[in-house]
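# Topology and contacts: notes
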Amino acid sequence: MLLKGNKARFTVCVEGNIGSGKSTLLNHFSKFNDVEAFQEPVQKWQDVRGNNLLALMYEDPMRWAHTFQAYVQMTMVEQHLHPCSTPVKLLERSLYSGRYCFVENLYRSGKMTNAEYTVYCEWFKIITQNLDVGVDLIVYLRTDPEVLHTRIKERARSEEQAIPFQYLSDLHTLHEEWLMGPSSSLPAPVLVLDANDTLPNMYKKFEEHTSEILSGKLTVCEEQQDTYKTASPSPVEIVN
Ligand code: TTP
Ligand code: MG
């Protein structure tokens, strides 16, 4: 189905730690006519006019983390604002996980200075207060850091080969704080899928939750949805 005005009815973001299977979920749902899927622009980060910012960030985060995260933020804004002619706009990640997971982690671990963090956050505030970067539903692929560590080694994206276990564990904690806790920084309700599973089992879970993902809504009662809209914590649905 095509829509007039290039504006999706629902924006659904897929979140989860590095290697949790976000691209796999996007590939699966991109087969539906009602969905336009926007994969994360990692290739842009690997080649900014010949500069591999992703590699620089992993090699020397004290020097490059802020530059890299500023660029990630810019490319995420592009994704959020990109016209979409189908009812469902499906995004790999969002502006929000850059801010609340990656940048928070870099700052807390001393890899971004207070000045860099403040400049980044001021940009984030201006963007979220003035641009149409809203989200209707978050799908959280919740995965243990041990499982991710193995998957990352297997897929062998060259920049990621030296990622220490502790880094994945710290990022996991921040995803949990942001998506599972009572959080005032959540932009939408969260559907949580246990993503420690095998690929065939993950496809089964995607199928079971197709209607929720394509409607941009959790199957919870209207009352809870309304509660969220008045800014209390979002309803979270957990699926094992
Ligand atoms: P992810 O955004 O986690 O994407 P992925 O393709 O690795 O995940 P999946 O397997 O679930 O599809 O990370 C991509 C790379 O970019 C990874 O090395 C982490 C890094 N990254 C940051 O350092 N900062 C950021 O803000 C983001 C969004 C990613
Ligand atoms: Mg991916």
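Residues numbered from 1 in each chain as written. Chains lettered and ligands numbered in written order. Predicted model: local features only at pLDDT ≥ 70, side-chain atom pairs only at ≥ 80, totals over all residues. Heavy atoms only, no water.

### A word on the site of ligand 1
So the rule is basically this: Distances are taken per atom, and a residue is near a molecule or strand as soon as one of its heavy atoms is within 4 Å of it. Each accessible area is a Shrake-Rupley estimate made with a 1.4 Å probe; only the visible protein chains count as cover when residues are assessed. Definitions used for this entry: grid spacing 1 Å over protein atoms alone; cavity, a set of points where a 1.4 Å probe fits but cannot get out; pocket, an open set with protein on both sides within 12 Å along at least 5 of 7 lines; lining residue, one with an atom within 4 Å of a point. The rule for placing a molecule in a cavity or pocket is simple: more than half of its atoms must lie within 2 Å of the grid points. Each helix is a run of DSSP H or I of at least 4 residues and each strand a run of E of at least 2, with the numbering of both proceeding from the N terminus. Note on residue classes: Ala, Val, Leu, Ile, Met, Phe, Trp, Tyr, Cys and Pro are nonpolar, Asp, Glu, Lys and Arg are charged, and everything else, Gly too, is polar.
With respect to spatial proximity, 21 residues lie near ligand 1, and among them E40, Y58, R93, R155 and E160 are the closest. Relative to its free-state accessible area of 600 Å², ligand 1 is covered by the protein chains to the extent of 98%. At a threshold of 2 Å from the grid points, most atoms of ligand 1 map onto the largest pocket. Secondary-structure elements contributing two or more residues to the shell around ligand 1 are α1 (22–29), α3 (53–59), α4 (61–81) and α5 (95–108). For the shell around ligand 1, a count of residues per class yields eight nonpolar, six polar and seven charged.

### So, the environment of L218
The residue L218 is located in the loop between α10 (210–215) and α11 (222–229) in this model. Considered as a pair, L218 and I138 are 80 residues apart in the sequence and their alpha carbons are 9.6 Å apart.

### Some remarks on the coordination of the magnesium ion (ligand 2)
Selection rule: The donor set covers N, O and S atoms within 2.8 Å of the metal, switching to 3.2 Å for Na, K and Ca, and it leaves out water, so a site may look short of donors. Only protein chains enter the accessibility calculation, which uses a 1.4 Å probe. A residue is then buried if its area is under 20% of the maximum for its type, exposed if over 50%, and partly exposed in between.
Every protein donor of the magnesium ion (ligand 2) is listed here as S23 (OG) and E92 (OE), and their distances to the metal cover 2.0 to 2.2 Å. Placement of the pair is S23 in helix α1 and E92 in strand β3 (residues 88–92), with a sequence separation of 69 residues. On the basis of relative accessible area, E92 is assigned to the buried category, the value being 7%.

### Describing the layout of surface pockets
Where we set the bar: Grid points are joined across faces, edges and corners, and a volume is the space filled by probe spheres set on the points.
Volume-wise, the largest pocket comes out at about 430 Å³. Only α1, α2 (42–46), α3, α4, α5 and α7 (145–155) provide two or more residues apiece to the lining of the largest pocket. The class makeup of the residues in the lining of the largest pocket is 12 nonpolar, eight polar and nine charged.

### A few points about the pattern of salt bridges
Selection rule: Take a side-chain nitrogen of Lys or Arg and a carboxyl oxygen of Asp or Glu: if they are within 4 Å of each other, that pair is a salt bridge.
Taken as a whole and judged by the stated rule, the model has 11 salt bridges. Two residues, E40 and R93, come together in a salt bridge whose shortest N-O distance is 3.7 Å. A residue pair is termed long-range when its members are at least 10 positions apart, and E40 in the loop between β2 (35–38) and α2 and R93 in the loop between β3 and α5 qualify at 53 residues. The same class applies to E40 as to R93, namely buried. The salt bridge partner of R157 is E160, with a shortest N-O separation of 2.7 Å. Note on R157: relative accessible area 29%, which makes it partly exposed. Assessed through its relative accessible area of 3%, E160 is described here as buried. Via salt bridges that share partners, R99, E104, R108 and E177 belong to a single interconnected network.

### Quick notes on the side chain of T210
Our working rule: Two N or O atoms count as a polar contact when they lie within 3.5 Å, although within protein this holds only if one can serve as hydrogen donor and the other as acceptor, and sequence-adjacent residues are included solely when both atoms are side-chain atoms. Any two residues having at least one pair of non-hydrogen atoms within 4.5 Å are treated as being in contact.
Mapped onto the fold, T210 is located in helix α10. Of the polar contacts made by the side chain of T210, one reaches the backbone oxygen of F206; its length is 3.0 Å. Of the polar contacts made by the side chain of T210, one reaches the backbone oxygen of E207; its length is 2.9 Å. Setting aside residues no more than four positions away along its own chain, T210 makes contact with F29 and F32.

### What to know about the packing of α7 against helix α8 (residues 165–180)
Rules: Where helices are involved, their axes are fitted lines through C-alpha atoms of the stretch in contact, as for all axes, and angles between N-to-C directions lie from 0 to 180°. Roughly parallel means an angle under 35 degrees; roughly antiparallel means over 145; roughly perpendicular covers 65 to 115; every other angle is labelled oblique. Less than a right angle of anticlockwise turn of the near helix away from the far helix marks a crossing as left-handed, whereas a clockwise turn marks it as right-handed.
Axis separation between α7 and α8 bottoms out at 9 Å; the angle between their running directions is 130 degrees. With respect to α8, the axis of α7 lies oblique. Along this stretch, α7 crosses α8, giving a crossing that reads as right-handed. In this structure, α7 contributes P145, E146, L148, H149 and I152 to the contact, and α8 contributes F165, L168, S169 and H172. Counted by class, the contact of α7 with α8 contains five nonpolar, three polar and one charged residues.

### Some remarks on the nonpolar core
Using the following cut-off: In this description, a nonpolar core means a group of buried Ala, Val, Leu, Ile, Met, Phe, Trp, Tyr and Cys residues linked to one another through side-chain atoms lying within 4.5 Å.
Within the largest apolar cluster, 46 residues are counted, with the highest numbers of intra-cluster contacts made by I18, L95 and I138. With sequence-adjacent residues up to four places away left out, I138 is seen in contact with C13, E15, W178, L179, L186, P187, A188, P189, V190 and L191. Grouped together as the second largest cluster of nonpolar side chains are 18 residues, L90, V139, L191 and M202 included.

### What about the packing of aromatic side chains?
Quick reminder of the rule: Here a Phe, Tyr or Trp ring, Trp counted by its six-membered ring, pairs with any other such ring whose centre lies within 6.5 Å, and the pair is stacked when the planes are under 30 degrees apart, edge-to-face when over 60, and tilted otherwise. Charge-over-ring contacts are defined here by two conditions on Lys NZ or Arg CZ: a distance within 6 Å of the ring centre and an angle within 35 degrees of the ring normal.
In the structure shown here, the tally under the stated rule is nine aromatic pairs. A centroid spacing of 6.3 Å and a plane angle of 75 degrees characterise the contact between Y58 and Y167, whose relative ring orientation is edge-to-face. With a gap of 109 residues between them, Y58 in helix α3 and Y167 in helix α8 connect regions that are remote in the sequence. Taking the relative accessible area as the measure of exposure, Y58 reaches 23% and is therefore partly exposed. Between Y96 and F124, the ring centres sit 5.9 Å apart and the planes meet at 90 degrees, which makes this aromatic pair edge-to-face. Residue Y96 is found in helix α5, and its partner F124 is found in helix α6 (residues 114–130); the two are separated by 28 residues along the sequence. Clustering of aromatic rings is evident, with ring pairs tying together F29, F32, Y203 and F206. Looking at K89, its charged tip hangs above the ring of F38, at a distance of 5.1 Å from the centre.

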